[in-house]
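Descriptive analysis of the structure
These are the residues of each chain, in order.
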Amino acid sequence: MSAQRKDDHVRLAIEQQDGPRGVNQFDEVTFVHHALAGIDRQDVSLATAFAGVSWPVPIYINAMTGGSAKTGIINRDLAIAARETGVPIASGSMNAYFKDPSCADTFSVLRKENPDGFVIANVNANATVDNVWRAIELIRADALQIHVNTAQETAMPEGDREFSHWPGQIEKIASAVDVPVILKEVGNGLSRQTVLAVKDLGVSVADVSGRGGTDFARIENGRRELGEYAFLHGWGQSAPACLLDAQGVDLPLLASGGVRNPLDVARALALGAKGVGASGGFLRTLLDGGVDALIGQLTTWLDQLAALQTMLGARTPADLTRCDLLIQGSLRSFCAERGIETGPLARRTSSAEAHRETTGSTR
């Protein structure tokens with residue numbers, strides 16, 4: 001049953017990629033163009049660092065799959081693409097391995113094919129500490145993702161219906177492991193209140209994983225004969241909304257959900273993300289064109305991100321947070337309702353210039 005469910009997830013996720021897409025709030029984040037801001041390409045670095053972690057690039061392949069023969073092949077090819085491009089990669093939920101150890105190789109292939117890369121294990125908030133260690137050891141994980149997914153579980157016919165113990169279990173796991181712990185939604189977003197809460201639980205990083213990419217509530221509803229949970233389709237907040245909501249919280253943020261291209265990556269980095277993940281679009285490329293096509297896509301994304309940084313005058317991904325941004329449309333309305341000031345984002349370079357004039361410092 002678990003293996004079939006994993007295969008169903010892949011099939012339904014691809015159907016979403018092929019179907020019509022709704023509003024994407026990344027389009028409501030616009031860079032203010034400054035014609036003389038550009039720098040030399042040779043001075044640009046894609047390296048990023050957070051929570052004791054150093055990545056050569058700020059793009060990562062986010063959690064997808066594992067647990068069946070078909071998904072094991074997908075994980076093998078994802079790992080090869082990660083190895084060839086230096087992109088970090090996360091496993092899909094390893095709960096299937098806890099239930100059926102015979103599927104271990106569908107996850108361990110991530111490390112087998114990518115022996116020196118940055119690999120992240122993924123577990124749910126119900127996982128025991130013993131099972132978490134099994135997951136970390138199986139793929140020699142450099143970090144751990146704990147995913148939270150109340151909307152998915154609610155739409156899932158066989159899903160969990162008890163969530164009150166999750167904070168305590170997350171805290172227990174975070175205190176027991178010796179790798180950075182990432183708290184990750186699965187496509188419904190993390191509010192400011194949630195980010196503040198998980199910081200207190202000992203989590204090292206939060207992946208806001210917002211609405212706009214693969215919709216797992218919709219996937220689980222697609223597994224229902226009557227599809228009676230359609231009202232949960234599109235539940236939650238987008239990644240840009242979550243990043244804006246969490247401004248000023250002293251916890252490193254990653255962003256995923258609805259990321260379509262390198263411009264979306266740059267937008268997320270400019271909103272404060274330390275790294276930006278994608279899943280569905282990479283899966284579509286892999287299934288359509290094979291591992292070489294995915295390597296080509298990742299290589300192109302990295303090259304184009306470096307080109308954007310060159311044009312915007314950002315020597316590093318972190319420097320994108322100094323760029324002027326306009327927040328428009330429904331995203332601006334969200335900010336107004338949440339009491340988030342967007343005006344200062346549009347005047348960041350002016351504020352920096354004023355500071356330099358006042359202090360006499362130079363960049």
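Everything quoted here is computed from the prediction, not taken from an experiment.

**What to know about the pattern of salt bridges**
For the coordinates displayed, the defined rule picks out 15 salt bridges. Between Arg 223 and Glu 158 there is a salt bridge whose closest N-O contact spans 2.9 Å. With Arg 223 in the loop between helix H9 (216-222) and helix H10 (239-245) and Glu 158 in the loop between helix H6 (150-155) and helix H7 (166-176), the pair connects residues that are 65 residues apart, well separated along the chain. Take Glu 158: its relative accessible area is 39%, and that puts it in the partly exposed class. With a closest N to O distance of 2.8 Å, Asp 264 and Arg 260 form a salt bridge. By relative accessible area, Asp 264 is classed as buried at 0%. Residues joined by salt bridges that share partners form a network here, namely Asp 27, Arg 260, Asp 264 and Arg 267.

**Quick notes on the UniProt feature "domain: FMN-dependent dehydrogenase" (unreviewed entry) in the chain**
The UniProt feature table records "domain: FMN-dependent dehydrogenase" (unreviewed entry) at residues 163-322. End C-alpha to end C-alpha, residues 163-322 measures 39 Å, and it is 48% helix and 10% strand.

**Some details on the packing of helix H5 (residues 129-139) against H7**
Running from N to C, H5 and H7 point in directions that differ by 50°, and their axes come no closer than 10 Å. As judged from the angle between their axes, H5 and H7 are oblique. For the pair H5 and H7, the sense of crossing is right-handed. Across the interface between the two elements, Val 129, Val 132 and Trp 133 of H5 pack against Gln 169, Lys 172, Ile 173 and Ala 176 of H7.

**Re the UniProt feature "binding site: substrate" (unreviewed entry) in the chain**
Cross-referencing UniProt, the feature "binding site: substrate" (unreviewed entry) maps to Arg 5, Lys 6 and Gln 152 in the present numbering. Engagement of the side chain of Gln 152 in a polar contact is seen with the side chain of Asn 149, the distance being 2.9 Å.

**Some remarks on the nonpolar core**
Counting 99 residues, the largest nonpolar core has Ile 61, Leu 144, Ile 146 and Phe 282 as its most contacted members. When residues in this core are grouped by element, the largest group, 13 residues, is from helix H12 (residues 280-312). Phe 282 has contacts with Ile 59, Tyr 60, Ile 61, Met 64, Leu 294, Gln 297, Leu 298 and Trp 301, leaving out every residue within four places of it along the chain. Core analysis: the next-biggest nonpolar cluster, separate from the first, contains 12 residues, Phe 50, Ala 90, Ala 143 and Leu 254 among them.

Here is what the cut-offs are and how they apply
- Residues numbered from 1 in each chain as written.
- Predicted model: local features only at pLDDT ≥ 70, side-chain atom pairs only at ≥ 80, totals over all residues.
- Heavy atoms only, no water.
- Salt bridge = Lys/Arg side-chain N within 4 Å of Asp/Glu carboxyl O.
- Helix = DSSP H or I, 4+ residues; strand = E, 2+ residues; numbered from the N terminus.
- Buried < 20%, exposed > 50% of the residue type's maximum accessible area, 1.4 Å probe, protein only.
- UniProt positions renumbered as here; feature names shortened; annotations may be inferred.
- Axes fitted to C-alpha atoms, helices over the stretch in contact; angles between N-to-C directions.
- Parallel < 35°, antiparallel > 145°, perpendicular 65-115°, else oblique.
- Left-handed = near helix turned anticlockwise from the far one by under 90°.
- Contact = heavy atoms within 4.5 Å.
- Polar contact = N/O pair within 3.5 Å; in protein donor to acceptor, adjacent residues only side chain to side chain.
- Core = buried A, V, L, I, M, F, W, Y, C linked by side-chain atoms within 4.5 Å.

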